[in-house]
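Observations on the three-dimensional arrangement
Listed here are the chains, written in short residue letters.
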Amino acid sequence: RQMCIRDRYQRRVRGDWKMTFVTLSCLLLFLLSSLSVDASDNGLGALPPMGWNTWCTEGYCGLDVCSEDEVKSVALAMISNGMQSAGYNYVNLDDCWADTTRDANGNIRWDPARFPSGIPALVQWLHSRSFKFGLYTAAGITTCNNGTRPHSIPGSYGYYEQDARSFASWDVDYVKLDWCGTRLLNGTVLDQQVQTDEFYAAMNKTGKPMWLNFHCGHPPQQWCQKDGNSYRVGPDHHDKWDNTILAIKSLKGLGKSAGPKTGWNDPDFLETGGQGCGANQKPAHCPGQTDTEYRTVFSIWCITSSPLIVATDVRDMTPIMQEVLLNKELIAVDQDPLAVGGDVIGEWKCDGPAGACEIWGKPLKDGSYVAGLFNSDDKNHSITLDFSIIPGFSTKTLNVRDLWKHSELGKFTNSYTTEVQSHETVVVKLYA
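The text that follows walks through the structure, step by step, so that each part is easy to find. (Residues numbered from 1 in each chain as written. Predicted model: local features only at pLDDT ≥ 70, side-chain atom pairs only at ≥ 80, totals over all residues. Heavy atoms only, no water.)

Here the focus is the environment of Gly-355. Among the secondary structure elements, Gly-355 is positioned in the loop between strand 9 (343-347) and strand 10 (357-363). In this structure, the C-alpha to C-alpha distance between Gly-355 and Val-370, residues 15 residues apart in sequence, is 20 Å. Residue contacts for Gly-355: discarding those within four places in its chain leaves Glu-347 and Ser-376. (Helix = DSSP H or I, 4+ residues; strand = E, 2+ residues; numbered from the N terminus. Contact = heavy atoms within 4.5 Å.)

In structure tokens:
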């Protein structure tokens, strides 16, 4: 690029406007680069994001209450409880921060009662502590929830460039674009691809790199791979096992589409430890799933290279939250530099309903392979991992390490068999 600029300048000074070799090279470079427009064109998305979101902290999921004091206290807790050092570096606001009206110039603004110091000051405070900051908006005329306030919250429709400039001026790092308010007052229903394209273009036009997470639907459409950095592929994830199963099913068959240039499949937030119990109610957690089920959620999210965004109150880390969220071996699977997604690689025919016992897997950059033996049935099953189904492995004898027990299990030839509890996922690392 510097060579191109220097050549242009020298030719202007000389008054020589002949096409030089350097000029032709620069033109070719430009043409080649313009052919490669994908989800990485904002320079972000090398690996799935990790962080925290407000959605299920101050009360139950979707209550959408947040405040400046809450965010600061959570960030300080993430520093002291080990989350930040483990890689959780995004602090994101959900549908809870914006005021109910825009200002006289049409600018989106924060709720002054919830954020008296303002969003820019909060962003600066978080950046000074090595966090990144994210917030929420919607593609339509309103957001999904008023957050217990008496009026609806304005979405970004009609203000994409204006809002993107505001976010950039506040030094925002991450934007979640929800799909709400998409039926206009005249009855027109907005087109999801068109609106997402326009919003992403508006963000990139600011020149400020900002991660974009957006709704894509299931199965994800091809166009989703060129907009933003991660996209929702299923329903909202709630703290219930029947909902978790739907989220897991939404990831099946999507492993090949995950990556830095195509975006990361997002099955939604982690509800580890349980959502809040209600507005200003104690205790901080009212778990809707068992400890085994929370381990399974984290296992599948990590094997599929999904975003690890926690939406529960991490200021009160219960034992299962510490065990799951700070499992460095599984985090390393999610954040492996090979940067590929995992998927279902086989099914074990156990004594249960069809599809009850599955093998999920993902290759790692060091040449090893991680497999998850997943039992979705309501009773225990013995599951066998046949080494012949592991892609790219020809070795018959492999070392096996349990990533939940953090222990070497020994060498196994041709296969590995273990008892898997109901709703459990046993995660093992295999290497020669």
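What follows is about the pairing of strand 15 (residues 415-420). Taking every second residue as pointing to the same face, the buried face of strand 15 carries Tyr-416, Thr-418 and Val-420, while none of Ser-415, Thr-417 and Glu-419 on the other face is buried. Two strands pair when backbone bridges link them, and strand 12 (residues 381-386) and strand 15 are joined in this way by six bridges, in the antiparallel orientation. From the neighbouring strand, Leu-385 faces strand 15, where its bridge partner is Tyr-416. (Buried < 20%, exposed > 50% of the residue type's maximum accessible area, 1.4 Å probe, protein only. Pairing = 2+ DSSP bridges.)

Here helix 3 (residues 68-80) crosses helix 5 (residues 119-127) at 5°, and the two axes come no closer than 11 Å. Here helix 3 lies roughly parallel to helix 5, going by the angle between them. In this structure, helix 3 contributes Val-71, Lys-72, Ala-75 and Leu-76 to the contact, and helix 5 contributes Leu-122, Trp-125 and Leu-126. Residue classes in the contact of helix 3 with helix 5 are distributed as six nonpolar, no polar and one charged. (Axes fitted to C-alpha atoms, helices over the stretch in contact; angles between N-to-C directions. Parallel < 35°, antiparallel > 145°, perpendicular 65-115°, else oblique. Nonpolar A, V, L, I, M, F, W, Y, C, P; charged D, E, K, R; others polar.)

Turning to the packing of aromatic side chains, a few remarks are in order. Across all of its chains, the model carries 15 aromatic pairs by this definition. Ring geometry for Trp-110 against Trp-170: centres 5.3 Å apart, planes inclined by 70°, an arrangement best described as edge-to-face. Within this pair, whereas Trp-110 is found in the loop between strand 2 (90-92) and helix 5, its partner Trp-170 is found in the loop between helix 6 (160-169) and strand 4 (174-178), the two being separated by 60 residues in sequence. Exposure remark for Trp-170: the relative accessible area of 9% places this residue in the buried category. Measuring from centroid to centroid gives 5.0 Å for Phe-412 and Tyr-416, while their planes differ by 80°, and the two rings are edge-to-face. Residue classification places Phe-412 among the partly exposed residues on the basis of a relative accessible area of 23%. Feature note: the residues Trp-97, Trp-110, Phe-167 and Trp-170 constitute an aromatic cluster, connected by ring pairs. (Phe/Tyr/Trp six-rings, centres within 6.5 Å; stacked < 30°, edge-to-face > 60°.)

Glancing now at the pattern of salt bridges. Overall, the coordinates contain 22 salt bridges when judged by the stated rule. The structure contains a network of salt bridges with shared partners spanning Glu-58, Asp-313 and Arg-315. (Salt bridge = Lys/Arg side-chain N within 4 Å of Asp/Glu carboxyl O.)

A word on the packing of helix 8 (residues 241-251) against helix 9 (residues 291-303). When two helices pack together, their arrangement is captured by the angle between the axes and the distance separating the axes. For the pair helix 8 and helix 9, interaxial distance at closest approach is 11 Å and the crossing angle is 15°. The orientation of helix 8 with respect to helix 9, classified from their angle, is roughly parallel. Once helix 8 is placed against helix 9, the crossing between them reads as left-handed. Packed against helix 8, whose contacting residues are Trp-241, Thr-244, Ala-247, Ile-248 and Leu-251, the element helix 9 presents Glu-293, Thr-296, Val-297, Ile-300 and Trp-301 at the interface. The class makeup of the residues in the contact of helix 8 with helix 9 is seven nonpolar, two polar and one charged. (Left-handed = near helix turned anticlockwise from the far one by under 90°.)

Once that is clear, we can look at the sheet that holds strand 9. Judged by pairing direction, the sheet is antiparallel, and its six strands sit side by side in the order 9-10-11-16-13-14 without closing on themselves. In this open sheet, the two strands that pair with only one neighbour each are strand 9 and strand 14 (407-413). On average, each strand axis in the sheet is tilted by 30° relative to the strand beside it, whichever way the strands run. Bridge count for strand 10 against strand 11 (residues 369-375) is seven bridges, and the pairing is antiparallel. Bridge pairing in strand 11 places Gly-361 opposite Ala-371.

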